[in-house]
Amino acid sequence: MGGISMEPMLQGRGLGKVFGAHQALAGVDIDLFPGEVHALLGENGAGKSTLIKILTGAYQPDSGAVVLEGAEVAFRDPLQAQAAGIGTVYQEVNLVPNLSVAENLYLGHQPMRWGMLNKRAMHDGAREILAGYGLEIDVRAELGSFSVAVQQIVAIARAVKLSGKVLVLDEPTASLDRAEVESLFEVIAKLKARGLAVVFITHFLDQVFAIADRVTVLRNGKLVSTQAISGLSRTDVVRMMLGKDVVFAHSPVTEIGASGPALAEFKGLGRKGSVAPFDLTLHQGEVVGVAGLLGSGRTEMARLMFGVDLADTGSISLGGPLTLRSPRQAVAAGMGFCPEDRKVDGIFGELSVRENIVIALQAKLGWFKALSRDEQDDIAGRFAEALDIRAADHNMPVKLLSGGNQQKVILARWMAIDPKLLILDEPTRGIDVGAHAEIVRTINRLREDGLALLVISSELDEVVAYSSRVVVMRDRAMVAELKGADIAPQVIVQAIAAQEAP
Amino acid sequence: MNRSLRPLAATAVIFILAYAAAAFQFPTLVSTRVLGNFLTDNAFLGITAVGMTFVILSGGIDLSVGAVIGFTGVFVAVMISWGGYHPAVAFAIALAVSAAFGAAMGAAIHWLKVPSFIVTLAGMFLARGAASVISADSIPINHEIYDWISQAYWKMPGGGRLSMIGGVMVLVFVLGALLAHRTRFGANVYALGGNAHSAELMGVPIGRTTILIYTLSSTLAGLSGIVFSLYTQAGYSLSAVGVELDAIGAVVIGGTLLTGGYGFVAGTFIGVMLMGLVQTYIIFDGTLSSWWTKIVIGVLLFMFILLQRLVFRAQAARA
Ligand SMILES: Nc1ncnc2c1ncn2[C@@H]1O[C@H](COP(=O)(O)OP(=O)(O)OP(=O)(O)O)[C@@H](O)[C@H]1O
Ligand SMILES: [Mg+2]
């Protein structure tokens with residue numbers, strides 16, 4: 001973008017926000033020009049979401065001003081920002097699950113006829129809009145009955161529809177697969193050509209370099225700098241975010257085969273319509289990576305292994321035969337499971353960081369052996385440090401933490417029960433680069449401690465970095481098991497793509 | 001089938017079966033005459049239940065409606081019998097008062113962030129207390145308009161009479177269904193019941209919607225109080241005690257989820273009819289104590305809550 005004499009579409013001037021005693025944002029300036037894609041970067045808790053919530057009326061700034069096309073504005077709520085042409089996908093849940101897809105797309109802006117909702121026009125319109133994202137679904141069906149990815153696309157489609165001037169996307173790609181990300185990028189390119197300003201928050205640096213024109217980096221609530229992407233390298237960006245260099249611990253695991261005795265055996269485990277029967281043996285001190293596209297049955301497999309869904313075939317042995325009727329039995333047998341969609345499945349928003357961390361351990365011990373407050377503080381403190389969880393105080397409600405820090409809390413919860421077998425579904429989603437490396441390190445450390453881990457991940461570089469074995473899922477079946485030298489991104493990609501329908 | 005339709009379908013099926021069974025035993029139940037009485041006798045409950053449907057859909061509860069019915073009855077009776085006002089004037093003022101009362105409760109729920117349960121419980125004591133302060137005794141209403149309205153009816157085919165107040169209830173149901181399913185306000189109510197935080201981020205005017213919901217519920221309770229005074233030709237401060245619970249019962253039996261977000265106004269109609277049917281059956285039978293009505297309704301309620309649990313659990317497990 002040129003933008004020499006161009007006027008910014010939306011500006012934040014010296015924005016500041018204080019939560020209690022915590023300065024979440026201090027004196028941040030940001031300019032968004034028409035026709036640019038502006039990436040907003042920073043570690044978990046850097047203040048990215050807080051900044052866009054102020055720009056879009058969800059929060060009121062404690063200092064500074066928001067300026068839209070040269071005129072100062074004070075949005076009292078997101079509705080006013082919408083009316084001014086700013087569409088937003090917030091990081092947290094964005095839609096209501098009980099309404100239909102079409103109703104979610106049109107809520108507040110429904111087409112009317114004779115003073116009544118024109119449902120026909122709404123359904124036709126919704127179908128057409130979603131077709132633009134390559135989504136052909138029954139728009140009259142309840143939103144909650146669709147996958148997280150579909151819901152995310154609907155949320156994006158709604159924001160795009162409402163954005164006449166500015167589109168704000170806070171980690172919109174966290175639950176999308178490659179093709180979905182591509183189609184989102186096409187849409188963004190079109191909006192950019194139409195002269196919208198697009199703000200894009202993500203922890204995927206590849207995506208930043210793929211579409212952003214400029215980047216603004218925040219650190220600890222302060223502006224580090226705003227620069228054109230053209231002059232930057234990945235290392236520059238990471239250095240700006242962290243204030244130091246990180247070394248990626250990408251030393252492939254070589255001393256495999258050395259894994260200990262078999263710990264758990266899953267034989268012919270399967271569930272109709274969910275996952276075809278599969279065999280899997282996990283050894284002590286081994287990390288099994290699970291690769292596959294979204295919807296390939298990866299998550300379903302983990303849910304069967306943990307007893308969330310009941311298997312209709314197969315057997316499990318974990319220190320003796322085990323029949324799982326519920327996750328509680330799995331926990332009792334020494335398993336832990338950190339689910340993919342932590343927003344929905346994992347967080348107890350009202351409870352404190354400490355309580356969220358100790359809850360699984362407490363449940364495992366049974367409620368008669370209550371952990372004392374000191375023990376709880378000790379455990380929470382230990383894991384918060386190990387995972388670098390940034391919270392002003394361990395007694396604050398988890399819902400007030402930044403998105404990435406909430407995810408680390410759930411990870412800590414399962415590590416705290418000291419499991420023999422830990423299942424992690426996309427443990428690094430929405431987690432910043434620094435913490436990313438930290439989690440990879442943690443996985444390796446747990447392996448050295450003799451745990452068996454099953455880690456589902458879409459990021460092949462990462463899978464390669466910690467797996468002693470990789471199983472590949474496709475079309476709801478386990479299609480390959482890779483060992484040794486085969487554990488390389490190209491081989492995995494081939495296994496995922498092999499014989500796929502054109 | 002859409003999961004929110006399942007409890008509705010279940011209610012409809014149960015109603016048809018129960019009606020068929022009752023009709024088999026008492027063939028006279030199948031007549032427009034019985035239907036007419038049915039509508040008249042349940043008019044005040046039905047009107048209240050429509051308002052309650054909106055409240056419950058939004059994830060709230062309104063415990064004040066029975067007291068508002070009682071208060072409105074006394075208020076109208078005092079204005080007409082003691083004050084000498086024309087009933088039309090009395091009705092208009094009574095509706096305005098109940099609307100303002102509901103708006104105030106809605107505002108308290110939204111701005112003070114107090115659960116609706118608490119606010120409307122306070123509202124219940126307030127309205128019931130105010131009614132007793134005005135008059136602890138029953139006040140008869142004698143006015144030609146009252147006689148005229150309570151005798152006005154439309155003769156249905158088959159000789160049954162659809163009374164004016166029965167007709168008002170049917171009209172309220174039709175308008176309520178349109179409001180819930182065909183307007184932006186209705187969509188906002190469902191959104192609020194689904195996830196209030198998301199709804200707010202999506203730009204739903206949470207405050208205005210909440211205030212309107214409780215205004216609607218109270219206004220309909222006021223209307224129901226007027227209908228009740230037409231039905232009994234009197235105003236009494238202790239009338240309609242516990243009607244809020246009957247209304248909640250009708251809404252839940254009608255397939256609306258008590259936690260909000262799912263349900264239909266039409267379901268509430270069937271819920272009211274099912275409760276009326278149980279009552280009518282017991283009257284026809286003649287040997288059963290009227291307390292059996294409560295027991296049967298209790299069992300029905302329990303069944304429905306169980307059913308909803310199962311339907312929504314099964315869905316959650318598949319998702
Ligand atoms: N409502 C709130 N009350 C108290 N503290 C809050 C609130 N919202 C955010 N915070 C704090 O403000 C800081 C910035 O949070 P923010 O959500 O903006 O981070 P972020 O950059 O979006 O991080 P992430 O990448 O993890 O999403 C965090 O330390 C968080 O705990
Ligand atoms: Mg954030």
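Residues numbered from 1 in each chain as written. Chains lettered and ligands numbered in written order. Predicted model: local features only at pLDDT ≥ 70, side-chain atom pairs only at ≥ 80, totals over all residues. Heavy atoms only, no water.

Chain B is annotated in an unreviewed UniProt entry as Sugar ABC transporter permease YjfF of Stagnihabitans tardus. The UniProt entry for chain B carries the following text under Subcellular location (unreviewed entry): "Cell membrane". (UniProt positions renumbered as here; feature names shortened; annotations may be inferred.)

Student: Give me the lowdown on the overall build of chain B, citing residues and values where you can.
Tutor: For chain B, the count of helices and strands is 14 helices and four strands. Over its C-alpha atoms chain B spans a radius of gyration of 20 Å, differing by no more than 12% from the 20 Å that the globule rule assigns to 319 residues. A principal-axis box enclosing the C-alpha atoms of chain B has dimensions of 60 × 55 × 35 Å. When each of the 319 residues of chain B is scored for burial, the buried share is 54%. If you take every contact in chain B between residues at least 6 apart in sequence, the share linking residues at least 24 apart comes to 80%. Summed over its atoms, the accessible surface of chain B is roughly 13700 Å², and 72% of this surface lies on carbon and sulfur atoms. (Helix = DSSP H or I, 4+ residues; strand = E, 2+ residues; numbered from the N terminus. Rg over C-alpha atoms; globule rule 2.2 N^0.38 Å. Buried < 20%, exposed > 50% of the residue type's maximum accessible area, 1.4 Å probe, protein only. Contact = heavy atoms within 4.5 Å. Areas by Shrake-Rupley, 256 points an atom, 1.4 Å probe, with all protein chains shown as cover.)

Student: Just give me the short version of the site of ligand 1, but keep the residues and values in it.
Tutor: Residues and elements named next belong to chain A. Around ligand 1, the structure places 21 residues, and the nearest of them are Lys48, Ser49, Thr50, Ser402 and Gly404. For ligand 1, an oxygen atom lies 2.9 Å from a polar atom in the backbone of Gly47. At 3.0 Å from an oxygen atom of ligand 1 is found a side-chain nitrogen or oxygen belonging to His203. Protein coverage of the free-state accessible area of ligand 1, which is 640 Å², stands at 90%. (Near = heavy atom within 4 Å. Polar contact = N/O pair within 3.5 Å; in protein donor to acceptor, adjacent residues only side chain to side chain.)

Student: Describe the interface of chain B and chain A, naming the residues involved and giving the relevant values.
Tutor: Chain B puts 28 residues into the contact, and the matching count from chain A is 28 residues. Where chain B abuts chain A, roughly 2300 Å² becomes buried across the two surfaces, and 56% of that area is made up of carbon and sulfur atoms. A per-residue breakdown of the area chain B buries against chain A is headed by Arg184, Leu201 and Met202 of chain B, which together make up 34% of the total. Along the contact surface separating chain B from chain A lie zero salt bridges. (Buried area = accessible area lost by both parts, 1.4 Å probe. Salt bridge = Lys/Arg side-chain N within 4 Å of Asp/Glu carboxyl O.)

Student: Tell me about the coordination of the magnesium ion (ligand 2), and please be specific about residues and values.
Tutor: Around a metal, the idealised angle for a tetrahedral arrangement of four donor atoms is 109.5 degrees; for an octahedral arrangement of six donor atoms it is 90 or 180 degrees. Residues and elements named next belong to chain A. Within the first shell, the magnesium ion (ligand 2) binds the protein through Ser49 (OG) and Gln91 (OE1), at distances of 1.9 to 2.0 Å. Taken together, the residues span a long stretch of sequence, with Ser49 in helix 1 (residues 48–55) and Gln91 in the loop between strand 6 (86–89) and helix 3 (101–106) at a distance of 42 residues. For Gln91, a relative accessible area of 16% gives the class buried. (Donors = N, O, S within 2.8 Å, 3.2 Å for Na, K, Ca; no water.)

Student: Describe the domain arrangement of chain A, naming the residues involved and giving the relevant values.
Tutor: Residues and elements named next belong to chain A. When the domains of chain A are assigned, the result is domain 1 (10–98 + 142–232) and domain 2 (252–497). For domain 1 versus domain 2, the distance between C-alpha centres works out to 30 Å. Listed by partner, the interface residues are 19 residues for domain 1 and 16 residues for domain 2. For the pair domain 1 and domain 2, the two sides together bury roughly 1400 Å², of which 49% comes from carbon and sulfur. Contact with domain 2 buries surface across domain 1, with Glu43, Asn44 and Gln91 losing the most and accounting together for 36% of the total. Scanning the region where domain 1 abuts domain 2 turns up zero salt bridges. (Domains from an automatic or database assignment.)

Student: Describe in detail the UniProt feature "transmembrane region" (unreviewed entry) in chain B, supporting the description with residues and values.
Tutor: All names here are of chain B. With numbering aligned to this structure, UniProt lists the feature "transmembrane region" (unreviewed entry) at residues 39–57, 64–82, 88–112, 119–141, 161–180, 211–231, 264–284 and 290–312. Within residues 88–112, the helical portion is 96% and the strand portion 0%, while the C-alpha atoms at the span's ends are 36 Å from each other. Secondary structure content for residues 161–180 is 85% helix and 15% strand, while the C-alpha to C-alpha distance between its ends is 29 Å.

Student: I'd like a rundown of the confidence of the model for chain A, residues and numbers included.
Tutor: Across chain A, the average pLDDT comes to 83, with 93% of residues at or above 70. Predicted confidence for residues 1–5 of chain A stays below pLDDT 50, and this span has four contacts to residues more than four positions away or in other chains. (pLDDT = per-residue confidence, 0-100.)

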